[in-house]
Each structure stands twice: as structure tokens, then as C-alpha cells.
Amino acid sequence: MFADFLFRRLSLLLFMLFALTAFTFALNYLFPGDLLTNFSGELNANYSQTQILEQKYHIDDNLLIQYQAFLVRLFQGDWGLSLSSGQAVFGHVKQLFPATIELCVYALIVALCLGIPAGVICSAYHNKWPDKVISSLTLLGFSIPVFWLALLLIMIFCLSFGWFPMSGRIGLLYEIPPVTNFILLDIWLHDFPYGGQAFADALHHLTLPTVVLAMYPTTVLVRFTRDSMLTVLEQNYIKTARAKGLNRRQLILDHALRNALLPVIKQIGLQFSTLITLAMVTEVIFSWPGIGRWMIESIYQRDYPAIQGGLLAVSFFVIFANMLADVIHTLLDPLARNQAHGKV
């Protein structure tokens with residue numbers, strides 16, 4: 001029966017990918033400028049080059065044939081050339097996207113490590129001073145705009161105290177050959193004599209962007225975990241366990257926490273799309289060399305092939321993350337499996 005659920009989710013994934021690629025393909029006609037340039041990214045092509053490109057991109061054929069050729073090029077990694085750099089868009093995506101994923105994953109880890117325990121504490125001390133203090137701080141953090149928080153932290157910890165660097169992923173003294181384009185992993189893979197210093201410097205650069213990006217999902221997870229825990233603590237089996245003499249710690253850790261975390265797992269997948277969006281602003285402020293900063297620069301430069309490639313990569317990652325969170329939630333929650341199979 002889970003296979004039926006998985007088949008439906010895969011069908012939905014394929015439909016969403018079809019809609020995404022169709023929209024990306026339609027952007028070539030919606031963007032201003034020459035259609036062939038929007039497809040290929042080639043500027044100032046001569047007559048013979050134009051003839052070759054028209055055959056390659058099937059400009060004279062109908063839209064269905066053009067779309068089929070577009071899909072073939074996507075799978076082959078031919079996403080056109082960037083109008084600003086003249087290099088392959090797919091190469092930019094492979095180089096820059098790991099930096100964004102790295103920043104988002106670390107921010108999500110920080111949000112999980114802070115948000116879930118804080119939410120559990122709020123539920124354990126409901127309407128008492130820990131709950132009130134954490135809820136007030138959560139409301140404050142939820143209300144602070146990301147760009148304002150980033151500038152405030154830069155002004156205090158970078159300009160005033162000089163504790164953290166303002167930009168980049170690692171200091172200029174360290175030259176790390178890119179293998180995976182995940183900076184910490186690349187440092188670990190290469191056995192440098194100065195590997196420990198480079199690792200510490202990379203973490204030093206990573207601290208402030210991670211704190212800024214983790215602020216919003218942390219506040220969401222605190223409130224979501226608190227509400228979920230309060231709902232579970234009102235269930236009859238919890239009241240029965242309390243009547244048997246179990247203390248608060250046993251009730252929360254042994255009985256309530258596992259069931260309360262099941263809805264949180266689904267929320268984690270939803271936070272990925274938010275993190276990707278907030279990462280664009282964070283990368284611009286901290287000059288983080290990720291795909292969000294590259295996309296915003298491409299918008300300013302009207303680099304249409306780069307905009308399409310960045311949109312396609314980010315959207316695919318968000319769709320995949322949400323689908324993965326949904327599947328994991330269904331695997332862990334028997335009630336969700338029964339609802340997915342149409343049982344009562």
C-alpha cells in the first residue's frame with residue numbers, strides 16, 4: 001500500500017517537473033529580446049552561426065518540437081550561455097548551488113537544535129516564565145527582517161568588535177581546490193598541513209550568515225513544536241500516564257515527544273523553500289558566492305539564460321525537498337499512511 005502512495009507522489013513530482021520545465025521554456029518567449037539569444041545566450045552571432053543555432057534550437061519548428069528539444073538539452077546539461085560571462089549556465093549552477101545548499105543546511109541544523117528544544121521547554125512550562133520569555137523572544141525574532149538583522153550583526157560584530165569577517169566563504173590566504181564545491185567538505189577531503197586552520201576560518205566566515213538565515217525557521221519551529229506538544233499532552237494516553245505517577249520528564253521524553261515531532265518533520269520540508277528565498281538576501285549582504293546572489297545579479301544585468309537556469313535549479317530543489325519530507329513523514333506516521341491509503 002505504501003507503494004501506491006509512493007507511485008502517486010512520483011506522479012505528482014513528474015507533473016510538477018513538467019509544469020516547471022514548461023514555464024521555464026515559455027520564459028524564452030516572455031523575455032524581451034531576440035528569441036534565439038534567449039535560448040542560446042549567444043550574442044553577435046554571424047550568419048553561419050545563426051543558421052546552426054536555428055537548426056539546433058528548432059526555431060522554425062512548432063512549439064512541441066522546440067519543447068522536446070529543450071528537455072533533451074536540459075538532461076544533457078546544455079542550459080545555454082550566460083549573457084554576462086559568456087560561460088555555460090549549467091557550469092555556474094554546479095559551481096554556485098553547493099554554496100547555497102551548504103548555507104541552508106547549516107541554518108536548518110541550527111534551527112532544529114534551537115527551535116525544537118525551545119518549543120519543548122515552552123510546552124513543559126506552559127504559561128510560566130520560561131514559556132513567556134521564549135515566546136516573547138520568538139515573536140521578536142519572527143518580526144525582525146532578515147536584511148535588517150544581517151546589517152545589525154555586521155555593524156556590531158564585524159565593524160565594532162571585529163570578531164567576524166564581513167564577506168566570503170574563506171580567507172584569501174587559503175586556496176582550496178574545488179571538488180564538491182562544499183567548502184568544509186573540500187577542506188576535509190584535501191589533507192593540507194593547514195587544514196585545521198582553514199576549517200576554522202571557513203566556520204568563522206559561516207557563522208554570521210548561518211545565524212541570520214536560521215532566525216526565521218528557528219522561530220517557526222519553536223512555535224510549531226510548542227503547539228504540537230501542547231496538543232499531544234492533552235491526549236488521553238498522556239493523561240493516563242500522568243495518573244500512573246510518571247513525572248514531567250518521563251511524560252515528555254518517553255511518550256509525548258515522538259508523536260509531537262511527526263508534524264514537525266513535514267514542517268521542515270516547507271522551511272526549505274523559505275530558506276532558499278531568504279538565502280538570496282543573505283548572500284547579497286554577506287557577499288556569499290551562492291546561486292541566490294548570482295540570480296539577483298543576473299536580474300540586474302538582464303541575463304535571461306542565467307535567470308532561467310537559476311530558477312530551474314532552485315525550483316527543482318524545493319520541489320524535491322518538499323516531496324522527500326512528505327515521504328519521510330508518511331513512513332514514520334502510521335496514521336498518515338492510513339489516510340494516504342484512504343482508510344478511516
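Please read all numbers here as calculations on a predicted model, not as lab measurements. (Residues numbered from 1 in each chain as written. Predicted model: local features only at pLDDT ≥ 70, side-chain atom pairs only at ≥ 80, totals over all residues. Heavy atoms only, no water.)

Quick look at the overall build of the protein now. A count of helical and extended segments in the protein gives 14 helices and zero strands. Expressed as a percentage of its 344 residues, the buried residues of the protein come to 44%. A separation threshold of at least 6 residues defines the contact pool for the protein, and within that pool the share at least 24 residues apart is 69%. Total accessible area on the protein is roughly 18,700 Å²; 66% of this is exposed by carbon and sulfur atoms. For the protein, the centre of its 21 positive side-chain charges and the centre of its 21 negative side-chain charges are spaced 19 Å apart. (Helix = DSSP H or I, 4+ residues; strand = E, 2+ residues; numbered from the N terminus. Buried < 20%, exposed > 50% of the residue type's maximum accessible area, 1.4 Å probe, protein only. Contact = heavy atoms within 4.5 Å. Areas by Shrake-Rupley, 256 points an atom, 1.4 Å probe, with all protein chains shown as cover. Lys, Arg positive; Asp, Glu negative; His and termini not counted. Charge placed at Lys NZ, Arg CZ, Asp CG, Glu CD.)

Attention now goes to the packing of aromatic side chains. Applying the stated rule across the entire model yields 15 aromatic pairs. Positioned over the ring face of phenylalanine 142 is arginine 223, at 5.0 Å from the centre of the ring. (Phe/Tyr/Trp six-rings, centres within 6.5 Å; stacked < 30°, edge-to-face > 60°. Lys NZ or Arg CZ within 6 Å of the ring centre and 35° of its normal.)

In terms of nonpolar packing, the biggest core is built from 78 residues, with Val93, Ile170, Ile176, Leu213, Ile291 and Trp294 touching the most fellow members. The leading source of residues in this core is helix H5 (residues 89-124), at 14 residues. Beyond its immediate sequence surroundings of up to four residues, tryptophan 294 is in contact with Val89, His92, Val93, Leu96, Ala306 and Gly310. (Core = buried A, V, L, I, M, F, W, Y, C linked by side-chain atoms within 4.5 Å.)

Residues annotated by UniProt as "transmembrane region" (unreviewed entry) correspond here to residues 12-31, 105-125, 137-164, 202-222, 268-291 and 311-332. With 95% helix and 0% strand, residues 12-31 has end C-alpha atoms that lie 28 Å from one another. What you have in residues 268-291 is 79% helix and 0% strand, and the ends, taken at the C-alpha atoms, are 21 Å apart. (UniProt positions renumbered as here; feature names shortened; annotations may be inferred.)

Look at the UniProt record and you will see "domain: ABC transmembrane type-1" (unreviewed entry) annotated at residues 97-329. Measuring from the first to the last C-alpha atom of residues 97-329 gives 26 Å, for a span that is 80% helix and 0% strand.

Let's shift gears to the packing of helix H12 (residues 291-300) against helix H13 (residues 304-332). Between H12 and H13, the shortest axis-to-axis distance is 9 Å and the interhelical angle comes to 150 degrees. Considering the relative orientation of H12 and H13, their crossing is left-handed. For the pair H12 and H13, contact is made by Ile291, Trp294, Met295, Ser298 and Ile299 and by Ala306, Ile307, Gly310, Leu311, Ala313 and Val314, respectively. Its residues assigned to classes, the contact of H12 with H13 shows nine nonpolar, two polar and no charged. (Axes fitted to C-alpha atoms, helices over the stretch in contact; angles between N-to-C directions. Left-handed = near helix turned anticlockwise from the far one by under 90°. Nonpolar A, V, L, I, M, F, W, Y, C, P; charged D, E, K, R; others polar.)

To continue, consider a nonpolar patch on the surface. A grouping of Phe316, Phe320, Leu324, Ile328, Leu331 and Leu332 is seen on the molecular surface, where their side chains present a nonpolar patch of about 520 Å² in accessible area. Position of phenylalanine 316 relative to the elements: it lies in helix H13. Since its relative accessible area comes to 42%, phenylalanine 316 is described here as partly exposed. (Patch = residues over 30% accessible without salt bridge, like charges linked within 9 Å, V, L, I, M, F, W, Y side chains within 5 Å. Salt bridge = Lys/Arg side-chain N within 4 Å of Asp/Glu carboxyl O.)

This brings us to the environment of glycine 119. Residue placement: glycine 119 occurs in helix H5. In the structure, glycine 119 is positioned 82 residues away from aspartate 201 in sequence and 32 Å away in space, judged by C-alpha atoms. When residues no more than four places from it in sequence are discounted, the contact partners of glycine 119 are Val222, Thr225 and Arg226.

By secondary structure assignment, the location of aspartate 60 is in the loop between helix H3 (47-56) and helix H4 (63-76). Aspartate 60 gets classed as exposed once you look at its relative accessible area, which sits at 69%. Expressed as a C-alpha distance, the spacing of aspartate 60 and alanine 325, which sit 265 residues apart in the sequence, is 43 Å.

Our next topic: the side chain of asparagine 28. Mapped onto the elements of the fold, asparagine 28 is located in helix H1 (residues 2-30). In this structure asparagine 28 comes out as buried when scored by relative accessible area, which is 2%. Here the side chain of asparagine 28 touches phenylalanine 25 through a polar contact of 3.0 Å, landing on its backbone oxygen. Here asparagine 28 is in contact with Leu35, Asn38, Phe39, Phe70 and Gln308, once residues within four sequence places are set aside. (Polar contact = N/O pair within 3.5 Å; in protein donor to acceptor, adjacent residues only side chain to side chain.)

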